[in-house]
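Below, each chain spelled out in residue letters.
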Amino acid sequence: MPTHRIPAARPVRATPTHPVDVLLLLTDGDRVLLALRSGTGYADGQWNLPSGKLEHGEDALTALRRETTEEIGLRLAADEPRLITTVHHRTPSGHARVGLTFAVRHDPARHGAPVNAEPHKCAGIEWFRWDALPPATYPYSAACVAAWRSRAALILSGW
């Protein structure tokens, strides 16, 4: 009787589910705007760039403009943000994210003053020198600023 070999099972690999984030590096001279997260359950007590996840069916520029309005009350023109870097970040718990970081030079005459438009998620917003971020800056945001300063097209954070 012939014997049939059963092929060895291949290891099952999970399909990556990296959320895509958009992050705003709003600059004013040598300063960047950061928001102090509060009450969200994610990076609370840490300074973060204005940011958020893409929603289903949304393109990156639309998401960035939406998040900017929702978080700091500014309206950006469609051609204003420029992509400056991509950050592939892994959280301490091992979850990975891909962040598209866009820069916009703040123009008070056109933009007005940024405001804390989400006080239920943010304890405040503040300008910081880009070379002197507060110690409690979330590593993902700090990586975006470091990549911008070094002109790196891609940076790995937390890997």
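Computed from a prediction, not measured in an experiment: that's the story for all the values here.

Student: Where do I start with the environment of isoleucine 125 in this structure?
Tutor: Residue placement: isoleucine 125 occurs in strand E7 (residues 122-129). As a C-alpha pair, isoleucine 125 and threonine 27 span 98 residues in sequence and 13 Å in three-dimensional space. Setting aside residues up to four positions removed in sequence, isoleucine 125 forms contacts with Leu33, Leu34, Ala35, Trp47, Ile72, Pro114, Val115 and Asn116.

Student: Is there a simple way to think about the side chain of histidine 106 in this case?
Tutor: With respect to the secondary-structure elements, histidine 106 resides in the loop between strand E6 (96-105) and helix H2 (108-111). Since its relative accessible area comes to 10%, histidine 106 is described here as buried. Once you skip the residues sitting within four places of it in the chain, histidine 106 turns out to touch Leu26, Thr27, Asp28, Leu74, His111, Gly112, Pro114 and Trp127.

Student: Sorry, what's going on with the packing of aromatic side chains here?
Tutor: Geometry of an aromatic ring pair is reported as the spacing of the ring centres plus the angle between the planes. On inspection of all chains with the given rule, the structure shows 3 aromatic pairs. With centroids separated by 4.9 Å and ring planes inclined at 70 degrees, the aromatic side chains of tryptophan 47 and phenylalanine 128 adopt a geometry described as edge-to-face. Of the two residues, tryptophan 47 is situated in strand E3 (residues 47-48) and phenylalanine 128 in strand E7; the sequence distance between them amounts to 81 residues. Overall, the relative accessible area of 12% leaves tryptophan 47 in the buried class. Seen in terms of ring centroids, tryptophan 130 and tryptophan 148 are 6.1 Å apart; in terms of plane orientation they differ by 90 degrees. Their pairing is edge-to-face. Linking tryptophan 130 in the loop between E7 and helix H3 (139-150) with tryptophan 148 in helix H3, this pair joins segments that are 18 residues apart in sequence.

Parameters and conventions
Residues numbered from 1 in each chain as written. Predicted model: local features only at pLDDT ≥ 70, side-chain atom pairs only at ≥ 80, totals over all residues. Heavy atoms only, no water. Helix = DSSP H or I, 4+ residues; strand = E, 2+ residues; numbered from the N terminus. Contact = heavy atoms within 4.5 Å. Buried < 20%, exposed > 50% of the residue type's maximum accessible area, 1.4 Å probe, protein only. Phe/Tyr/Trp six-rings, centres within 6.5 Å; stacked < 30°, edge-to-face > 60°.

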